[in-house]
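# Structural overview for review
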Amino acid sequence: MPELPEVETVRRSLAPLLVGRRIDRVVVGRADVVRSSFRRDRRAALGRGGVVEELVRHGKQLAFALRPAGAVHVHLGMSGQLFVTPPGAEPGRTDHVHVRWVLDDGSRLHFRDPRRFGGVWAYPSLEALRAERWERLGPDALDIRAPVLRAGLARSGRAVKACLLDQGVLAGVGNIYADESLFLARIHPLRPAASLSGAEVARLAATIRRVLCEAVAARGSTLRDFIDAEQRRGGQQDRFRVYGRRGAPCPACGRSLLSLTVAGRTSTICPSCQPNPGGSC
DNA sequence: CCTTAATCCTGGAAGC
DNA sequence: TGCTTCCAGGATTAAG
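Residues numbered from 1 in each chain as written. Chains lettered and ligands numbered in written order. Predicted model: local features only at pLDDT ≥ 70, side-chain atom pairs only at ≥ 80, totals over all residues. Heavy atoms only, no water.

### Notes on the pattern of salt bridges
Scanning the model with the defined rule gives 18 salt bridges in all. Residues joined by salt bridges that share partners form a network here, namely E8, R11, R12, R57 and D140. (Salt bridge = Lys/Arg side-chain N within 4 Å of Asp/Glu carboxyl O.)

### Describing the packing of helix 6 (residues 175-184) against helix 7 (residues 198-217)
One can describe the packing of helix 6 onto helix 7 by two numbers: an axis separation of 9 Å at closest approach and a directional angle of 130°. Taken together, the axes of helix 6 and helix 7 lie oblique to each other. Crossing handedness for the pair helix 6 and helix 7: right-handed. Counting all contacts with helix 6, which are made through Y177, E180, S181, L182 and L184, the residues of helix 7 involved are L204, T207, I208, R210, V211, L212 and A215. Looking at side-chain class alone, the contact of helix 6 with helix 7 contains 8 nonpolar, 2 polar and 2 charged residues. (Axes fitted to C-alpha atoms, helices over the stretch in contact; angles between N-to-C directions. Helix = DSSP H or I, 4+ residues; strand = E, 2+ residues; numbered from the N terminus. Parallel < 35°, antiparallel > 145°, perpendicular 65-115°, else oblique. Left-handed = near helix turned anticlockwise from the far one by under 90°. Contact = heavy atoms within 4.5 Å. Nonpolar A, V, L, I, M, F, W, Y, C, P; charged D, E, K, R; others polar.)

### Here's the deal with the domain arrangement of chain A
In terms of domain boundaries, chain A breaks down into domain 1 (4-136) and domain 2 (141-269). Taking only C-alpha atoms into account, the centre of domain 1 sits 28 Å from that of domain 2. Tallying the contact residues gives 22 residues for domain 1 and 23 residues for domain 2. Contact with domain 2 buries area across many residues of domain 1, yet L4, P5 and E6 alone supply 29% of it, more than any other trio. Counting the contacts that link domain 1 with domain 2 gives 0 salt bridges. At the junction of domain 1 and domain 2, the tally comes to 7 residue pairs in polar contact (both at pLDDT 80 or more). At the level of secondary structure, the elements contributing two or more residues to the side of domain 1 that touches domain 2 comprise helix 1 (4-18), strand 2 (51-58) and strand 5 (81-85). With 10 residues, helix 1 is the largest single contributor of residues to the side of domain 1 that touches domain 2. Of the residues contributing to the side of domain 1 that touches domain 2, the split by class is 8 nonpolar, 8 polar and 6 charged. (Domains from an automatic or database assignment. Buried area = accessible area lost by both parts, 1.4 Å probe. Polar contact = N/O pair within 3.5 Å; in protein donor to acceptor, adjacent residues only side chain to side chain.)

### Remarks on the protein's contact with DNA strand B
Neighbouring residues of DNA strand B: H96, P114, R115, R116, F117, S156, G157, R158, A159 and R224. Within 4 Å of the protein, the contacting atoms of DNA strand B are drawn from sugar and phosphate to the extent of 63%. The separation between a phosphate oxygen of DNA strand B and a polar main-chain atom of A159 is 3.3 Å. Residue composition of the surface near DNA strand B, grouped by class: 3 nonpolar, 3 polar and 4 charged. (Near = heavy atom within 4 Å.)

### Thoughts on helix 7
With 20 residues, helix 7 should cover 28 Å at 1.5 Å per step; its first-to-last C-alpha distance of 29 Å lies within 8% of that length. Turning to helix 7, its buried residues number three or more, namely E200, V201, L204, A205, T207, I208, V211, L212, A215 and V216. Looking down the long axis of helix 7, one finds its buried residues gathered within 170° of arc, a one-sided arrangement. Every exposed residue of helix 7 that faces more than 90 degrees away from the buried side is listed here: A199 and A217. Looking at the buried side of helix 7, the elements it contacts are helix 1, helix 4 (146-153), helix 5 (160-165) and helix 6. Downstream of helix 7 by one or two residues, R219 has phi in the positive range, about 65°. (Expected span 1.5 Å × (residues − 1). Buried < 20%, exposed > 50% of the residue type's maximum accessible area, 1.4 Å probe, protein only. Arc of directions from axis to C-beta.)

### Considering the nonpolar core
Counting residues in each nonpolar core, the largest one holds 36 residues, and the members touching the most others are L149, L153, L164, L204 and I208. Those elements that provide at least two residues to this core are helix 4, helix 5, helix 6 and helix 7. Counting residues per element, this core draws most heavily on helix 7, which supplies 7 residues. Membership of the second largest hydrophobic core comes to 27 residues, among which are V52, L62, V84 and L109. (Core = buried A, V, L, I, M, F, W, Y, C linked by side-chain atoms within 4.5 Å.)

### Considerations on the packing of aromatic side chains
Following the criterion strictly, the structure yields 2 aromatic pairs and no others. Plain terms: the ring middles of F64 and W101 are 5.6 Å apart, the flat faces sit at 80° to each other, and that makes the pair edge-to-face. Highlighted residues: F64 in strand 3 (residues 61-67) and W101 in strand 6 (residues 97-103), separated in sequence by 37 residues. On the basis of relative accessibility, which here comes to 0%, the residue W101 falls in the buried class. The interplanar angle of 80° and the centroid separation of 5.4 Å between the aromatic rings of F240 and Y243 together place this pair among those described as edge-to-face. Residue F240 is classed as buried on the basis of its relative accessible area, which comes to 10%. Take Y243: its relative accessible area is 22%, and that puts it in the partly exposed class. (Phe/Tyr/Trp six-rings, centres within 6.5 Å; stacked < 30°, edge-to-face > 60°.)

### Describing the sheet that holds strand 2
One open sheet accounts for 4 strands, arranged 2-3-4-8; its pairing is antiparallel. In this open sheet, the two edge strands, each paired with only one partner strand, are strand 2 and strand 8 (119-123). This sheet shows a mean twist of 20° between the axes of neighbouring strands, independent of strand direction. Alignment of strand 3 against strand 4 (residues 71-75), held across 5 bridges, turns out to be antiparallel. What sits directly across from A65, in strand 4, is A71. Here helix 1 sits on the sheet in contact with strand 2 and strand 3, set at roughly 170° to strand 2. (Pairing = 2+ DSSP bridges.)

What follows is the structure in structure tokens.
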């Protein structure tokens, strides 16, 4: 479920609970959730003995960097959660908790992921993680600027929404915020990326920043199971303009919202605010 | 180049 | 009240 705003919400809520803490013990419930190829030292590989220095995010990817060395990368996939339980407290639910980090103050960090599309990777350093894994990602969507977005969309015959969802073009946007951004920018998701005018690309870049910023301020969206590090739900799901609202009136013009499939994903649009010059819908 | 479908999983909702 | 089917925030792979 998590897109950039949800991952950023986890990062912000996790940082004060984790930074400066030493990892005393790592308990792995399901080995296949640890997808790391770095096994030089299995204990160090999942951060044991390290002190958390900072939490970093790029797109939907999250990692904690450790002193004196090491980095742990977490991808939440569709149903992943990272939350901390205070010393002595019972965690709300322990089913599907695949990794537990026990910290030096007795608190515990849990990685819970029922669908197991997410995972945990270990790297010898943050630099190694960036070079080996984050290198392939496009610019972070939270501060995407028009010239950079234009470079990502130019010369592509793909549908603009397919490009927005491609993490190699733009890192952080998923199905929810792609629909929200395209609606507010008044661009049909099937428009060929290269057909967008300079003004449209500029509008889209500004809209993506606005939509993501707004969602971060609301602490993300909880459709079903998203929670932050303190197990709190997000609030942006009550403010969706089009996502998941097929048949409801367009918030701008009142016409009934439609859904179609783009890049294999359900997409909701307003047919009059987002006209498709080339197609019928 | 581009697109679709299948795949990895669980679980909630909807349909009968 | 079941039981079945479909669908979901992601990402990769293979096939057309």
